[in-house]
Amino acid sequence: MIPFVDLKAQYLGIKSEVDAAIQRTLDNTSFILGPDVSAFEEEFAAYCGNKHGIGVNTGTSALHLAMLAAGIGPGDEVITVPFTFVATVAAVHYCGAKTVFVDIDPRTFTMDPTKLEAAITPRTKAIVPVHLYGQMADMDPIMEVARRHKLVVIEDAAQAHGAEYKGRRAGSIGDLACFSFYPGKNLGAYGEGGMVVTGNPEYTRTVRMLRDWGAEKKYQHVLKGFNFRLEGMQGAILRVKLKYLEKWTEARCAAATRYDQGLASSGVPTPAALAHNRHVYHVYAIRTQQRAAWQDALQAKGVSSGIHYPIPVHLLPAYADLGYTAGQFPHSERAANEVLSLPMFPELTVEQTDTVCGAVRAIAAASLQAAA
Ligand SMILES: *Cc1c(COP(=O)(O)O)cnc(C)c1O
């Protein structure tokens with residue numbers, strides 16, 4: 001069986017360094033924040049081409065605190081896309097604000113900037129583009145609209161470590177950016193983790209306080225804060241893994257190219273990476289209108305697959321109170337019905353990608369024949 005991701009293979013490649021980092025944390029007992037977290041914050045912010053990084057316990061907390069630091073609260077509206085992981089929208093809700101959706105560009109699965117203007121109201125405070133699957137949203141027009149309307153831009157970069165847009169890295173264009181280090185992400189901890197990246201010292205100070213009970217000095221709580229701190233052990237492990245991120249990203253891109261080539265002329269729609277983007281392939285999603293059948297057939301041929309994500313957020317029962325109905329975001333709804341993610345991880349071998357392509361081509365040919 002070809003797995004969907006293979007965290008074990010990655011660990012075995014860096015085992016001695018990771019084990020040493022864990023041992024170092026045990027020896028120095030810096031279990032919460034501490035020197036490795038501080039060093040990782042600097043190293044990761046620099047990797048993103050930005051100044052400040054604030055480590056937090058999850059990507060969701062990064063979004064939540066970035067929004068609070070940007071002043072988002074009750075009565076405000078935040079514009080994002082429905083074709084995302086639910087956390088993007090949950091964070092808006094945690095701030096007491098209301099989510100307003102705009103549809104995606106069906107080629108890239110990211111925010112369609114031409115839809116923004118119509119969604120802006122006097123209550124709009126921020127825009128949250130999601131760099132879905134590892135490809136950055138079309139940031140130039142998004143920033144242009146945001147600046148004209150004095151809105152904050154918060155990048156949801158949870159799937160886009162190292163992604164680039166016109167030579168600029170994810171995390172360096174918006175006012176704030178949020179990353180996740182969930183184990184399956186392109187840079188994954190061995191537990192939970194997240195980070196807010198920003199060039200703004202005021203946002204940095206606020207997020208730093210909010211993640212640690214709203215205090216800069218112990219017991220002097222000036223903000224109503226949270227316990228959202230990054231663990232020392234995760235910081236130590238992530239520092240080791242960050243050194244390999246470029247190499248792993250190149251390996252993902254190489255696997256994606258093999259998929260692109262192996263599926264060319266098969267009639268199966270493959271991901272569109274725009275020329276000015278560096279897509280980092282957190283997810284490699286093809287499209288099919290017979291998804292359930294294809295997923296079963298792939299499974300039968302020894303190929304795991306996934307769906308990111310089967311229900312757009314505006315149609316999730318949890319967010320029914322936002323008042324949206326089916327048909328309002330046709331590109332998101334169609335994508336949610338059709339996307340199918342193939343195995344994607346840096347250690348994918350040529351043999352594995354060949355097997356996957358062979359399986360997909362056979363299934364596609366069989367369904368074409370059935371339709372004829
Ligand atoms: C993973 C993810 C998050 C949340 O990150 P966690 O670390 O799991 O809390 C937010 N947004 C997107 C797009 C994600 O993929």
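On a predicted model such as this, the values are computed, not experimentally measured, just so you know.

Conventions and cut-offs
Residues numbered from 1 in each chain as written. Predicted model: local features only at pLDDT ≥ 70, side-chain atom pairs only at ≥ 80, totals over all residues. Heavy atoms only, no water. Patch = residues over 30% accessible without salt bridge, like charges linked within 9 Å, V, L, I, M, F, W, Y side chains within 5 Å. Areas by Shrake-Rupley, 256 points an atom, 1.4 Å probe, with all protein chains shown as cover. Salt bridge = Lys/Arg side-chain N within 4 Å of Asp/Glu carboxyl O. Helix = DSSP H or I, 4+ residues; strand = E, 2+ residues; numbered from the N terminus. Buried < 20%, exposed > 50% of the residue type's maximum accessible area, 1.4 Å probe, protein only. Contact = heavy atoms within 4.5 Å. Pairing = 2+ DSSP bridges. Axes fitted to C-alpha atoms, helices over the stretch in contact; angles between N-to-C directions.

Caption draft 1: Structural detail: a nonpolar patch on the surface. Among the surface-exposed residues, L26, F31 and I32 lie close enough to one another that they form a single nonpolar patch of about 270 Å² accessible area. Structurally, I32 can be placed in the loop between helix 1 (7-28) and helix 2 (35-47). You can call I32 partly exposed: its relative accessible area is 47%.

Caption draft 2: Inspection of helix 4 (residues 87-94) at higher detail. By the criterion of burial, helix 4 is predominantly enclosed, with six of the eight residues buried. Regarding helix 4, the residues found buried are A87, T88, V89, A90, A91 and V92. Buried residues belonging to helix 4 abut helix 3 (59-69), strand 2 (77-80), strand 3 (98-101) and strand 7 (152-156).

Caption draft 3: Structural detail: the sheet that holds strand 2. Sheet architecture is open: seven strands sit in the order 1-11-10-7-6-2-3, paired in mixed fashion. Looking along the sheet, the strands with just one partner apiece sit at the ends: strand 1 (52-56) and strand 3. The mean inter-strand angle of the sheet, taken between neighbouring strand axes irrespective of direction, is 25 degrees. Across five bridges, strand 10 (residues 176-180) lies against strand 11 (residues 194-198) in antiparallel orientation. Bridge pairing links S180 to G194 in strand 11. In this fold helix 6 (residues 139-148) packs onto strand 6 (124-127) and strand 7, with an angle of close to 150 degrees to the strand it touches most, strand 7. Taken strand by strand, helix 7 (residues 201-211) contacts strand 1, strand 7, strand 10 and strand 11, and its axis lies near 15 degrees from that of strand 1.

Caption draft 4: Structural view of the pattern of salt bridges. Taken as a whole and judged by the stated rule, the model has 23 salt bridges. Two residues, K243 and E17, come together in a salt bridge whose shortest N-O distance is 2.6 Å. A residue pair is termed long-range when its members are at least 10 positions apart, and K243 in the loop between helix 8 (232-242) and helix 9 (245-263) and E17 in helix 1 qualify at 226 residues. Owing to a relative accessible area of 59%, K243 belongs among the exposed residues under this scheme. We classify E17 as partly exposed; its relative accessible area is 26%. The salt bridge partner of D36 is R239, with a shortest N-O separation of 2.9 Å. You can see D36 sitting in helix 2 and its partner R239 sitting in helix 8, a full 203 residues away along the chain. Given a relative accessible area of 7%, D36 falls into the buried group. Residue R239 is classed as partly exposed on the basis of its relative accessible area, which comes to 25%.

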